[in-house]
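# Report on the structure
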Amino acid sequence: MATAVQHYTSYKARPFTREQRDTTTILFGGLTWKHERLVQGVFNNLNYKAKPLPNITRADLDAGKELIDVGACCPTIFTTGSLVNFLKTEVAENGKQKTIDDYVFLTAGACGPCRFGQYHESYEMALDGMGLKDFRLFLLAQDQLDQAPEKGGGLEINMPLSLGIVWAILCGDMLTDMEYQTRPYEVNPGDTDRVMKESADYLFEVFQKRPIHGKKWGLLAWHFLSSYFADALRVVKKKFDAIEVDRLQVKPKIKITGEFWLQTHEGDGNYNIKHWLEQEGSEVMPPPVAVWLGYLLHTPIWRLQKKAVVDRKVKFKMAMVRGMERLYVGTYNRFRKALGNVPYALPDQEELKKLASPFFHYELRGGEGHMLVGKALHAHLHKQANMTCELSPYSCMPNTMSQGAMANVQGRYPELLYAPIEIKGDAEVHALSRCQMILTEAKKRAQSEFVEAMARTGMTIEKAREIEAKRPELKKATYRIPHLGYASTAANYVMHLAGAKAAAV
Amino acid sequence: MQTWFGKKASAGSPPPSPRKDRSGIRVGIPKVLNVWSTSQFWVGFLRDLGIESENIVFSSDTSEEQGREFGKGRGTVDCCYPVKSISGHYGELIFGQKKKINIILSPMIYSLPSFMRGHVSETLACTRVMAGPENIKAGFMKESDVFADNGIKYASPFLSMAEPDVVPKQMYDCLKDVLDVDYAEIEHAVEAGYRELRAFNKRMRDASREIMAWCARENKPCVLVLGRPYHMDPGIGHEIESDLQAHGYPIVWLQYLPIDDDLLNWIFGEEVQAKKIRSPLDISDVWTSSNSSNTNEILWGAKFAARFPWITCVLRLSSYECGMDQPTYTPTQKIVEAAGTLFFKFGDLDSTKPAGSIRIRIETIVHYLAKYSDKIIQKKLALLPADCPLLAEKEKTLVAAASNQP
Ligand code: SF4
Ligand code: SF4
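Residues numbered from 1 in each chain as written. Chains lettered and ligands numbered in written order. Predicted model: local features only at pLDDT ≥ 70, side-chain atom pairs only at ≥ 80, totals over all residues. Heavy atoms only, no water.

## Remarks on the interface of chain A and chain B
Worth spelling out the cut-off: Note on contacts: a residue pair qualifies if any of its non-hydrogen atoms lie within 4.5 Å across the two residues. Note on definitions: buried area is the accessible-area loss of two parts on being combined, 1.4 Å probe, summed for both. A pairing counts as a salt bridge when a side-chain nitrogen of Lys or Arg comes within 4 Å of a carboxyl oxygen of Asp or Glu. Residues adjacent in sequence count toward polar contacts only when both atoms are side-chain atoms; beyond that, a polar contact is any pair of N or O atoms within 3.5 Å, and within protein one must be able to donate a hydrogen and the other to accept it. Starting at the N terminus, helices and strands are each numbered in turn, a helix being any DSSP run of H or I of at least four residues and a strand any DSSP run of E of at least two.
With 53 residues of chain A at the interface, the matching set in chain B holds 55 residues. Interface of chain A and chain B: buried area, both sides summed, is about 4,400 Å²; carbon and sulfur atoms make up 60% of it. There are one salt bridge connecting chain A and chain B. Between Lys334 of chain B and Asp128 of chain A there is a salt bridge, and its shortest N-O distance comes to 3.1 Å. At the boundary of chain A with chain B, the tally comes to 16 residue pairs in polar contact (both at pLDDT 80 or more). Mapped by element, the contributors of at least two residues to the side of chain A that touches chain B are α5 (119–129) and α16 (397–412) of chain A. Element by element, the count of residues in the side of chain A that touches chain B is highest for α16 of chain A, at eleven residues.

Below is the structure:
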């Protein structure tokens, strides 16, 4: 029989051995710089060398497009391009072999039905195209905290690593919430960014020095029960205490939702839209990664409820998941408390499901599933935001579907201000001008909320300043303004100053 | 090709009695997306519930006219044509029936009963396949409830069709009031549906095997279509394969490739023995994230075509803006071409058939097929064991002799 033909086989990563750990750097990316800095601390804590890829730039889009099949969604293109550009620079500086030996890349994977579950196929194709087929790429399954050791044992995706990453994400969310609630109102421009940098560096060290108590359950219990992280966040609070804010500035509150990568990202990958919105005079409500983790934690309950026979075993599993969820939310709330309860609470997954139900089935998977519909309605009905800006990658499969369903939502709730922004990566002017149109209306709404709150309470700017002068804590970034029935911060602040009760929601 | 008529139900236990009279209920099913690979399930399921065959109404094949007449202004987003076109199907079922239908049944198919189940990680439907109905429904509800306005009940069960044991509950939750059924009836009907689907798939696979056996006996080439099930819809796949068939080349579709043990062992047996793959239906050698059902099948079909001697050409069909196909373009081509099989891709298929360019490309394909098929057959035959199960002993000798000729 002839054997000349070599049938095609896909990429298989070479081993990454334990001995190579000291000389190999793990590359990763996909979150904000804050989250990534803390995750880096987690890696170092476990004696790995690690570094986040440089923040995404427009050039990554071109590099990605060049090497993968046409028609990919922009998160796939950007993230592939980012790895490509990093490796190109390394190869140019240190040569191919050294680059291959010195680095491995760790990427999140999901058994998702869309391209998120297939990102690595694109990475592999790009590596092939660059002649770097021997470069090592590993998958971190986001639904498995404890995976079998990667080939070679150099990288162990185990409980110490996974829990560290989850806790780093939660703390990253805390920082991000503080940042976006402070910067639009800071009296001295630059204060927030400076404190953010200091806080991220400080928390990086906290994660780097994390004590490891126990292996699996013991370690899990320690993470839930120890005050190690909450204490660290109290130190961060002190840093924010020093920032003076002026919350009488009327700004519409814009909730960001959308495809996971795009909504989380801060940079060229989404036209820097959060920054742009702030420059346009808004307050941005950033999307915490924790909502996604909460969704992953909660969905097994829905799956278990579907079982044909709900026996004792199933009931036990459900109780376990519920217990975990309670601990998870409890931890998040403990972190919030350490920061004066300024960061927002997590939405209840059952409520998101209920809100989305008439429009989008909660079991539909891919992207953010029904949560995009649920979150937009949640923000609108609870008066959390004046407008929802949904970032949708061009040609994203799940997002296009839920966005279509939003037409039905808008029919039912014409008051809901919703700006679906398609992101291609290279059509910035078009996207931002579309956002601008809806933002104008959001600004009007924030303004009329403010006028209404002033009228209801008889408050004037002068009076407000007098109260502030008597109670300087009001001007601290860490002073929590209660939600008193309005979406925008200034209106709630006026109500609070006047000691008024919540406006009817 | 698919048939859209209810065949006589195959044997099973009689439905639980007493059954309500549902003979007057007309059910419309939009013939879109993965209804193309599950149609016979729906026929078996509904007939078992007492719906008459003539009252099971599938919408017509997709066409631009259908979209213009019934779906205009109903679209809510821009996306791939197999999803966009669904508005026309809904509209046709609502407005285009002489005899009014009572229920529109548009399943949200979450996972599929693929023949590859157990050999891959998952057999999920594309996110747009599963969520398409929610998207399209919005276009018929954003101003007023067009279904209700026309006296139609809209039913869209969320179905994990890969897990037959959860389907009755999912179906019951959605249909209990719409069809006034009890759980036992649903359970029975679901079983009947699966039985019907299995029987149909078997008939189709047997038919493909016959075609392929003929090719083997005659030492003649055939062509494999590598696409999604709904590319069988003339309005989606534009009947490109028929144009090729008109030149005398038999066509087989990946969805109905024979999967009998003898044949698969002949093709993949040595690789299984060498532990390159775990089973003939394993695709881990070429594709890591085997989550999507139709994608898995496409990759497996490519592997099959790369090895099966008499498939000398693969037609890859793909719709414009298909996010699932996008990462597979290069791998499938590389898989198919590894042993010399011809590969032609018709990508970016949209609403209009690009007839001119298709004609020119078909001519090219025919030219290559005529020129290279013999060589490809010989080359691939030489890579496989001698005892092809498609051939009788006498024919094996003849074919072996032919393949040994220089
Ligand atoms: S959710 Fe959309 S944008 Fe994100 S990976 Fe999937 S298809 Fe791409
Ligand atoms: S598989 Fe492709 S063509 Fe089919 S629904 Fe999904 S995106 Fe559209």
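## Digging into the site of ligand 2
Short version of the rule: What makes a residue near a molecule or strand is one non-hydrogen atom of that residue sitting within 4 Å of it. What fixes the domain bounds is an automatic or database domain assignment.
In the vicinity of ligand 2, the residues found are Met397 of chain A together with Cys80, Pro82, Val83, Cys126, Arg128, Val129, Arg228, Tyr230, Cys322, Gly323 and Met324 of chain B. Those elements giving two or more residues to the shell around ligand 2 turn out to be α3 (81–84) and α5 (127–139) of chain B. Counting contributing residues, the shell around ligand 2 receives three or more from each of domain 1 (27–199) and domain 2 (202–404) of chain B.

## A few points about the sheet that holds strand β2 (residues 56–58) of chain B
Residue and element names in this part refer to chain B. For clarity, the threshold we go by: Strand pairing requires that DSSP identify at least two bridges connecting the strands. Interaxial angle, 0 to 180 degrees, is taken between N-to-C directions of lines fitted to C-alpha atoms, where a helix line uses only the stretch in contact.
The strand order β2-β1-β3-β5 describes an open sheet built from four strands, whose pairing is parallel. Each having just a single partner strand, β2 and β5 (153–155) make up the two edges of the open sheet. Taking each pair of neighbouring strands and ignoring which way they run, the sheet shows an average axis angle of 25°. Where strand β1 (residues 27–29) meets strand β3 (residues 103–105), two bridges bridge the pair, whose relative direction is parallel. By the bridge assignment, Gly28 is partnered in β3 with Ile104. Across the face of the sheet, helix α4 (residues 86–95) comes into contact with β1, β2, β3 and β5 while running at roughly 160° to β3.

## Quick word on the side chain of Arg205 of chain B
Residue and element names in this part refer to chain B. Let me state the cut-off plainly: Relative accessibility under 20% of the residue-type maximum defines a buried residue, over 50% an exposed one, and the middle range a partly exposed one, all with a 1.4 Å probe and only protein chains included. A positive count includes Lys and Arg, and a negative count includes Asp and Glu. His and the chain ends are not counted in either.
One can find Arg205 in helix α8 (residues 183–218). Salt bridges are absent for the buried Arg205, whose nearest opposite-charge side chain, Glu297, sits at 6.4 Å. Once residues lying within four places of it in the same chain are set aside, the contact partners of Arg205 are Phe115, Gln255, Tyr256, Leu257, Pro258 and Ile259.

## Brief notes about the packing of aromatic side chains
All names here are of chain B. Heads up, the rule is: Here a pair means two rings of Phe, Tyr or Trp (six-membered ring of Trp) with centres within 6.5 Å. Their orientation is stacked below 30 degrees between planes, edge-to-face above 60, and tilted elsewhere. We call a charge positioned over a ring when the NZ of a Lys or the CZ of an Arg lies within 6 Å of the ring centre and within 35 degrees of the ring normal.
Following the criterion strictly, the structure yields 35 aromatic pairs over all chains and no others. Ring centres of Phe41 and Phe45 lie 5.9 Å apart, and the angle between their planes is 10°; this geometry places the pair in the stacked category. Residue Phe41 and its partner Phe45 are both found in helix α1 (residues 35–48); the two are separated by four residues, about one turn of the helix. Phe45 carries the same exposure label as Phe41, and that label is buried. Seen in terms of ring centroids, Phe115 and Trp300 are 5.3 Å apart; in terms of plane orientation they differ by 70°. Their pairing is edge-to-face. Of this pair, Phe115 sits in the loop between β4 (108–111) and α5 while Trp300 sits in helix α12 (residues 293–307), placing them 185 residues apart in sequence. For the residue pair Phe115 and Trp300, the accessibility class agrees, reading buried in each case. One aromatic cluster is present, built from ring pairs that chain together Phe115, Trp266, Phe268, Trp300, Phe304, Phe308 and Trp310. Its guanidinium or amino end placed over the ring of Phe115, Arg205 lies 4.7 Å from that ring's centre, counting from NZ or CZ.

## A few points about the packing of helix α15 (residues 371–381) of chain A against α16 of chain A
To characterise two packed helices, one gives the angle between the axes of the helices and the distance between these axes. Residue and element names in this part refer to chain A. Which entries qualify depends on this criterion: Between 65 and 115 degrees an angle is taken as roughly perpendicular, under 35 as roughly parallel, over 145 as roughly antiparallel, and anywhere else as oblique. For a crossing to be left-handed, the near helix must be turned anticlockwise from the far one by less than a right angle; the clockwise case is right-handed.
Running from amino to carboxyl end, α15 crosses α16 at an angle of 40°, the nearest separation of the two axes being 9 Å. When the interaxial angle is binned, α15 and α16 end up oblique. The hand of the α15/α16 crossing is right-handed. Counted together, Leu372, Val373, Ala376 and Leu377 of α15 and Asn399, Ser402, Met406 and Val409 of α16 form the full contact between these two elements.

## Regarding the pattern of salt bridges
Residues and elements named next belong to chain A. Scanning all chains against the criterion turns up 45 salt bridges over all chains. Close ionic contact of Asp201 with Lys197 constitutes a salt bridge, the shortest N to O distance being 2.7 Å. On the criterion of helical spacing, the pair formed by Asp201 and Lys197 is a turn pair, its members being four residues apart in helix α7 (residues 191–208). The exposure class of Asp201 is partly exposed, given its relative accessible area of 24%. Through salt bridges with shared partners, one network takes in Lys34, Glu179, Arg183, Asp193, Glu266 and Glu278.

## Examining the side chain of Lys253 of chain A
Residue and element names in this part refer to chain A. Within the element layout of this structure, Lys253 appears in strand β5 (residues 253–258). Nearest to the buried, unbridged Lys253 among oppositely charged side chains is Glu283, at 4.2 Å. Within the structure, the side chain of Lys253 is placed 3.4 Å from the side chain of Tyr344, a separation counted as a polar contact. Those residues in contact with Lys253 that lie beyond four places of it in its chain are Glu283, Met285, Tyr344, Gln384, Ala385, Asn386, Met387, Ala487 and Thr489.

## What about the domain arrangement of chain B?
Residues and elements named next belong to chain B. Where we set the bar: Think of it as three bins: nonpolar holds Ala, Val, Leu, Ile, Met, Phe, Trp, Tyr, Cys and Pro, charged holds Asp, Glu, Lys and Arg, and polar takes everything else, Gly as well.
We note that the domain assignment places domain 1 (27–199) and domain 2 (202–404) within chain B. Here domain 1 and domain 2 have C-alpha centroids that lie 30 Å from each other. Listed per partner, the contact involves 30 residues of domain 1 and 32 residues of domain 2. Together domain 1 and domain 2 conceal approximately 2,700 Å² of surface at their shared face, both sides included; 57% is due to carbon and sulfur atoms. Measuring nitrogen to oxygen at the nearest pair gives 2.9 Å for the salt bridge that ties Glu321 to Arg128. Where domain 1 touches domain 2, the interface holds 14 residue pairs in polar contact (both at pLDDT 80 or more). For the side of domain 1 that touches domain 2, the secondary-structure elements that each account for two or more residues are α1, α3, α5 and α8. Broken down by class, the residue content of the side of domain 1 that touches domain 2 amounts to 14 nonpolar, nine polar and seven charged.

## Some thoughts on a nonpolar patch on the surface
All names here are of chain A. Where we set the bar: Without a salt bridge and with relative accessible area above 30%, a residue can belong to a patch; like charges are then joined within 9 Å and nonpolar side chains (Val, Leu, Ile, Met, Phe, Trp, Tyr) within 5 Å. Accessible surface is estimated by sampling points in the Shrake-Rupley manner with a 1.4 Å probe; for residues, cover comes only from the protein chains shown.
On the surface, Trp217, Phe316 and Met320 cluster together into a nonpolar patch covering about 390 Å² of accessible area. Within the fold, Met320 resides in helix α13 (residues 312–338). Among the residues examined, Met320 registers a relative accessible area of 41% and is labelled partly exposed.

## Some words on the pairing of strand β8 (residues 418–423) of chain A
Counted only if it meets this: A crossover counts as right-handed when, viewed with the strands pointing away from the observer, the path leading from the first strand over the helix to the second turns clockwise.
Of all six residues making up β8 of chain A, five are buried, and the element is well covered by its neighbours. Where the polypeptide runs from strand β7 (residues 387–393) of chain A across α16 of chain A and back to β8 of chain A, its parallel neighbour, the crossover connection is right-handed.

## Some words on the sheet that holds strand β8 (residues 251–253) of chain B
Residue and element names in this part refer to chain B. Strand order in the open sheet formed by four strands is β8-β7-β9-β10, with parallel pairing between adjacent strands. If you trace the sheet from one side to the other, it starts and ends with β8 and β10 (342–349), each paired once. Put simply, the sheet's adjacent strands are angled 25° from each other on average, direction ignored. Pairing analysis gives six bridges linking strand β9 (residues 311–319) to β10, with the strands arranged parallel.

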